[in-house]
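Tertiary structure, described
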Amino acid sequence: MAPYDGSGMDAALELTDVVKEFGGFKAVNGLSFSVRKGEIFGFLGPNGAGKTTTLRMILDIIGPTRGSISVLGAPSTRPQRARIGYLPEERGLYRKMRAAESIAYFARLRGAPAAEAKRRAHELLEEFGLGEFARARNEALSKGMAQKVQLLATIAHDPELLILDEPFSGLDPINQGTLEDLIRTLKASGKTIIFSTHVMEHAERLCDRFLIIAKGRKRFEGTLEEARAGLPRRIALRTPAAAADIAAIASVAGVEPVGGAPANAASPGHTPTDYQVDLKEDADPDAFLSACLAAGLAIRRFDASSESLHDIFVKLAGEEAA
Amino acid sequence: MGSTLLIAWREYKQYVFSRGFLLFLVMTPVLFLGAVLVMSVVDKARPQRTFVVVDQAGGYTELIDAGLAKQHLREALQAWNAYLEGVVDPAKAAIEDLPAPFGAGVITNERLEAVAANGGVAAAREAIGPFLKDGAPPFSAPRPRFRRLEAPAAALASADAEAAAAALEPYLLGETALPGAGEALFAAVIVPEGFGDEPATEDEAPRQAAFWSKNVTDPTLQIAVSRALRSALRRRAAAEMGLVGADLDRLSDIDAPLTAFTPGEADAEAAEIDDADRLEKVILPGVMTYVLLVVVFAVGNPLLTNTIEERSNKIVEVLLSSVTADQLMTGKLIGIAAVGLTMPAIFLVGGFLASAFGATESDALRETMAALVRSNLLFVYFFYFLAAYVMFAMIFLAIGALSNSLQDAQTFMGPLMMIVFAPMPFAVMVFQNPNGLAASILTWIPIYTPYAVMLRIASDPPIGEILGATALMLVFAALVARVMGRVFRNNILNNAPPKVTQIWRLTKQQS
């Protein structure tokens, strides 16, 4: 995928040097990123990183202290609200309202005509297996059902840009799968989706690009491949060889025994140890394997598969948090 | 429909179409009618009080009997007057043309004597029968409230009042049963020897009759006995002056006609203060002030609880992603104000319809509706309701935005309620003297202005004072709306309720 600079007409969202201060505390500090129209964009960060504050600024619920935010081509979110669907992390429904009524109400608040909102509410409930609960009061719904109703209320007005803050929380694995499918369907229909999550597997499966923030600052923006490319290549190695023997290979940047196990002091015949080997920039894993064999190291396991988003997240966000 | 009106409609619908509101609409007239019915039943089921008289002076037992019989006849004639109003067929006779002394009229001693002499209630029923509407219910006279029993022999044989009281004590305490007295004798009257006589010396106190009863809450028998004894003593004194009993009755029947007028009206008839004037100038403003107070706080409460629900259920963030805090606040204000106007409007419309289509024969309802139309009270109510509502509703909204639970809200509601109800003791002073100092002071305090003006408005208060105080109130209401609006906007998304010191900052902070 070609690098994306966010400029031009295909930016659904663009933040430029956005700062948000509460008193003397900078919750968001000089944040800039762009979201391309039609992509699924992962908005990742540890707790307290400034995700919710950023999302609130994007939605114009609170204003930035400095910087600019452009949404769907407009310099202000307010006139674009009808084109945006927002599912906050902490969400709820009016207890006494009925399920279909809730969906239609929020759709109407976001500009859908009354009849259309009502029709969509019933359609969506049917589509997501809640048709028989259309007239049930929200207080009578299970937590999972209520979550679905909240999500349906977010999309009922057919928004172009969807912002989902922790949409998977509270859903069982089956409903998480259903939600993943829905997000893919929405993307296929041309919607732009931004979602934040702590479950990296969801993000890895769904997102085209990511933003990782920590302590209000951007740590990374781009695709998973770009994230991987930006990090040293790591190899999982099991060998009875000593750490020093591995480190002696030219392409190795660093060697660490996994889980704090003691590094082997002696060579052949010793119990194999698991190592985490970081290669130097541009080093090729195949060449490293050949070098190991050439050096006479007995290899019991060699895993050069790519790092997961979880590892990338921990590395990038963890560095800032540390 | 704009977002603000959509929010208003949801708020309105939530309360007006709720079971609680419908129940309120049904229950209010039911409770009112129920209260009337219960009072009537309770009146009819009131126990007959039994008592004995130990008359050591002699002659007073019969006088007490006669006094109580006269009182009973007076009560019967009062009921008779009310009965005639509803049952006499005007095609057969006007009430004032009914055969004397049984027609409706003022109850004087002379009339009491005449009714008694002509056969009492039974004769009245028979005499009026031909003039009643077809199917009119029969008159049911109230039963006598008191019944005298013969005193126990031991008490009658007592040498003095103290001994008589001692002899009666077991009967009064229910330890000894007196035939016909039920569980316990209600009361005993002891008239000592020499009662009513002039003391022999100046130092000697006049002899006093004694009224003994275990019941200290129902004074009706004591009052009736006291009245009978007083009447007996007056008659005795009158006789010594050369008058007879009938002379005394005639004297007490003399009435001094006095008509109240109010200045500034076109003619004497218009200036005369009648029941309709009292209704318009006293009763309705009083009732409407009470309704204003109740309704403002009745509708403020859902505003508070609903805001707390939106905060605690985390609905507010979704709302604020769709509308601005100002739109949310305004929508809520409009919706709940409409609820507050719906309550009295339903009863008003019901009242107008009932009186217009003759669904009721109640003159009181017709006159009330006419007074409301004739006066400016409805307009005044509407205006000051909105003013009071804006002030208090904004405070409720801000409290809702500061609270995660009703318990949090109680911290603020307690002091607020104390301030709101602080002038209640002075309300009577304003009611009795609508243009007095207390009334003026309360009128100039903005949070009390709506109630004070509502209470005073029909009593021609100084127009300058009302306009000035109203202008001050409007400025204050705008200030409250501005400051409380800031609190609402600044804290509605904060999870934790702020500390007291932080609230001051919230009132100043621009969002």
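Thresholds, definitions, all that
- Residue indices follow the written sequence of each chain, beginning from 1 at its first position.
- Written order decides the labels, with chains lettered from A and ligands numbered from 1.
- It should be noted that, the model being predicted, local features are given only for residues of pLDDT at least 70 and side-chain atom pairs only at 80 or more, the latter also being counted only at that level, while totals for whole chains, interfaces and linings use all residues.
- Working from all heavy atoms in the structure, the side-chain values ignore hydrogens and water.
- Put simply, DSSP H or I for four residues or longer makes a helix, DSSP E for two residues or longer makes a strand, and each gets a number counted from the N terminus.
- For the radius of gyration, the atom set is restricted to C-alpha positions; the globular benchmark scales as 2.2 Å times the number of residues to the power 0.38.
- Buried residues are those whose accessible area, probed at 1.4 Å on protein chains only, stays under 20% of the maximum for their type, while exposed residues exceed 50% and partly exposed ones sit between those limits.
- Between two residues, a contact is recorded if the distance between any of their heavy atoms is within 4.5 Å.
- What sets the accessible areas is the Shrake-Rupley method with a 1.4 Å probe; for residues, cover comes only from the shown protein chains.
- Positive charge is attributed to Lys and Arg, negative charge to Asp and Glu, and no charge count is given to His or to the chain ends.
- Taken as the charge location is NZ of Lys, CZ of Arg, CG of Asp or CD of Glu.
- A carboxyl oxygen of Asp or Glu within 4 Å of a side-chain nitrogen of Lys or Arg is what we treat as a salt bridge.
- A 1.4 Å probe defines the accessible area here, and the buried area is the portion of it lost by two parts on being joined, summed over both.
- When DSSP finds two or more bridges between a pair of strands, those strands are recorded as paired.
- Orientation is described by axes fitted as lines to C-alpha atoms, over the contacting stretch for helices, and by angles from 0 to 180 degrees between their N-to-C directions.
- Domain extents, as shown, originate in an automatic or database domain assignment.
- Per-residue confidence from the predictor is reported as pLDDT, which spans 0 to 100.
- In this analysis, a patch consists of residues with relative accessible area above 30% that form no salt bridge, clustered at 9 Å for like charges and at 5 Å for the nonpolar side chains Val, Leu, Ile, Met, Phe, Trp and Tyr.
- Nonpolar cores are built from buried Ala, Val, Leu, Ile, Met, Phe, Trp, Tyr and Cys residues. Side-chain atoms within 4.5 Å join them into one set.
- The rule is short: rings of Phe, Tyr and Trp, with Trp giving its six-membered ring, pair when the centres are within 6.5 Å, and they are stacked under 30 degrees, edge-to-face over 60, tilted in between.
- We count a charge as sitting over a ring when the NZ of a lysine or the CZ of an arginine lies within 6 Å of the ring centre and within 35 degrees of the ring normal.

On to the overall build of chain B, then. Helices and strands together make up the secondary structure of chain B, namely 21 helices and 4 strands. The C-alpha atoms of chain B give a radius of gyration of 32 Å, which is well past the 24 Å a tight globule of 511 residues would have. Projected onto the principal axes, the alpha-carbon positions of chain B cover approximately 90 × 60 × 45 Å. Burial analysis of chain B (511 residues in total) assigns 41% to the buried set. For chain B, contacts bridging at least 24 residues in sequence account for 72% of all contacts bridging at least 6. Only carbon and sulfur atoms are counted for the fraction: they give 63% of the accessible area of chain B, which is about 27,200 Å². Taking the average place of the 38 positive charges on the side chains of chain B and the average place of its 50 negative ones, the gap between the two points comes to 13 Å.

Moving on, we get to the overall build of chain A. Scanning chain A from N- to C-terminus turns up 10 helices and 13 strands. Considered along the principal axes of its C-alpha atoms, chain A spans approximately 75 × 45 × 35 Å. For chain A, buried positions account for 50% of its 322 residues. Taking the contacts inside chain A whose residues are at least 6 apart along the sequence as the reference set, 69% of them involve residues at least 24 apart. About 14,300 Å² of surface is accessible on chain A, with carbon and sulfur atoms providing 51% of the total.

We now examine the pattern of salt bridges. Residues and elements named next belong to chain A. One pass over the structure, following the stated rule, counts 36 salt bridges over all chains. As a salt-bridge pair, Glu 160 and Arg 83 come within 2.7 Å of each other at their nearest N and O atoms. Placement of Glu 160 in the loop between α4 (143–155) and β6 (161–165) and of Arg 83 in the loop between β4 (66–71) and β5 (84–87) is noted, with a sequence separation of 77 residues between them. According to the relative accessible area criterion, Glu 160 is partly exposed, its value standing at 34%. Since its relative accessible area comes to 28%, Arg 83 is described here as partly exposed. Between Lys 218 and Glu 221 there is a salt bridge whose closest N-O contact spans 2.9 Å.

This part is about the interface of chain A and chain B. Every contact between the two is made by 21 residues of chain A and, on the other side, 22 residues of chain B. A combined buried area of about 2,200 Å² lies between chain A and chain B, and 57% of that area is made up of carbon and sulfur atoms. Among the residues chain A hides against chain B, the three largest losses belong to A:Glu90, A:Tyr94 and A:Leu109. Together they make up 30% of the total. Across the contact surface, chain A and chain B share 3 salt bridges. For A:Glu101, the salt bridge goes to B:Lys13, with nearest N and O atoms at 3.4 Å.

Turning to the sheet that holds strand β4 (residues 210–213) of chain B, a few remarks are in order. Residue and element names in this part refer to chain B. Within the open sheet, the 4 strands sit side by side as β2-β1-β3-β4. Their pairing is mixed. Of all the strands in the sheet, the pair left with one neighbour each is β2 (146–149) and β4. Here the average twist between neighbouring strands, direction ignored, is 25 degrees. Here helix α3 (residues 60–87) sits on the sheet and contacts β1 (49–55), β2 and β3 (187–191); the angle it forms with β1, its principal contact strand, is near 150 degrees.

Here the focus is helix α1 (residues 51–58) of chain A. For α1(A), a buried count of 7 out of 8 residues is recorded, marking the element as mostly surrounded by other parts of the structure. Of all the residues in α1(A), the buried ones are A:Lys51, A:Thr53, A:Thr54, A:Leu55, A:Arg56, A:Met57 and A:Ile58.

Another point: the domain arrangement of chain B. Its domain assignment divides chain B into domain 1 (2–29 + 278–508) and domain 2 (50–253). For domain 1 of chain B and domain 2 of chain B, the distance between their C-alpha centroids amounts to 52 Å.

Confidence in the prediction for chain B averages 86 pLDDT; 96% of positions are at 70 or higher. We note a pTM of 0.71 for the whole complex and an ipTM of 0.78 for its interfaces.

Let us now look at unusual backbone geometry. Residues and elements named next belong to chain A. Backbone geometry places Asp 17, a non-glycine residue, at a positive phi of 50 degrees. Within the chain, Leu 72 stands out as a residue other than glycine whose phi angle is a positive 50 degrees. Within the element layout of this structure, Leu 72 appears in the loop between β4 and β5.

Let us look at a positive patch on the surface. Residues and elements named next belong to chain B. Together, Arg 74, Arg 227, Arg 230 and Arg 234 give the surface a local cluster of positive charge. The element best represented in the positive patch is helix α8 (residues 220–240), accounting for 3 residues. As for its placement among the helices and strands, Arg 74 is situated in helix α3. Taking the relative accessible area as the measure of exposure, Arg 74 reaches 32% and is therefore partly exposed.

Within the fold, A:Arg56 resides in helix α1. What A:Arg56 contacts, discounting residues up to four positions off in sequence, is A:Ile61, A:Ile62, B:Glu317 and B:Leu493.

Here the focus is the pairing of β3(B). Residues and elements named next belong to chain B. Counting buried residues along β3, 5 of its 5 residues qualify, which places the element largely inside the surrounding structure. Burial along β3 is two-sided: Ala 187, Val 189 and Val 191 facing one way and Ala 188 and Ile 190 facing the other are all buried. Where β3 and β4 come together, 4 bridges link them in antiparallel fashion. When the sheet's bridge partners are listed, Ala 188 is paired in β4 with Trp 212.

On to the pairing of strand β8 (residues 209–214) of chain A. All names here are of chain A. Counting buried residues along β8, 6 of its 6 residues qualify, which places the element largely inside the surrounding structure. Two elements, strand β3 (residues 40–44) and β8, share 4 bridges in a ladder whose sense is parallel. Looking at β8, one finds that Phe 41 is bridged to Arg 209. What sits between the antiparallel neighbours β8 and strand β9 (residues 217–222) is a turn of 2 residues, in which Lys 215 has the positive phi angle 50 degrees.

Take the sheet that holds strand β7 (residues 192–196) of chain A next. All names here are of chain A. Taken in spatial order, the 6 strands line up as β5-β6-β7-β3-β8-β9 in an open sheet, and their pairing is mixed. With partners counted over all chains shown, the strands left at the sheet margins are β5 and β9, one partner each. Sheet twist, expressed as the average angle between the axes of neighbouring strands with direction ignored, equals 15 degrees. Two elements, β8 and β9, share 5 bridges in a ladder whose sense is antiparallel. Opposite Ala 214, over in β9, you have Arg 217 as the bridge partner.

Within the largest apolar cluster, 159 residues are counted, with the highest numbers of intra-cluster contacts made by A:Phe33, A:Phe106 and B:Phe392. Sorting elements by how many residues they give to this core places helix α15 (residues 377–402) of chain B first, with 17 residues. When neighbours within four sequence positions are excluded, A:Phe33 is seen to be in contact with A:Leu13, A:Glu14, A:Leu15, A:Phe41, A:Phe43, A:Thr54, A:Ile58, A:Leu211 and A:Glu221. Ranked by size, the runner-up nonpolar core spans 20 residues in total, among them B:Trp80, B:Leu84, B:Ala123 and B:Phe139.

For the rest of this paragraph, the subject is the packing of aromatic side chains. Here the distance between the centres and the angle between the planes together describe a pair of aromatic rings. In total, this model carries 20 aromatic pairs over all chains according to the counting rule given. Their ring planes at 10 degrees and their centres at 5.6 Å tell us that A:Phe33 and A:Phe41 sit as a pair that is stacked. On the basis of relative accessibility, which here comes to 3%, the residue A:Phe33 falls in the buried class. The class for A:Phe41 is buried, based on a relative accessible area of 0%. Their ring planes at 10 degrees and their centres at 6.2 Å tell us that B:Tyr381 and B:Phe385 sit as a pair that is stacked. Of this pair, B:Tyr381 and B:Phe385 both sit in helix α15, 4 residues apart, which is roughly one turn of that helix. For the pair B:Tyr381 and B:Phe385, one class covers both residues: buried. If you follow B:Arg10 out to its NZ or CZ, it ends over the ring of A:Tyr94, 3.5 Å from the centre. Above the plane of the ring of A:Tyr105 lies B:Arg10, whose end atom (NZ or CZ) is 5.9 Å from the centre.

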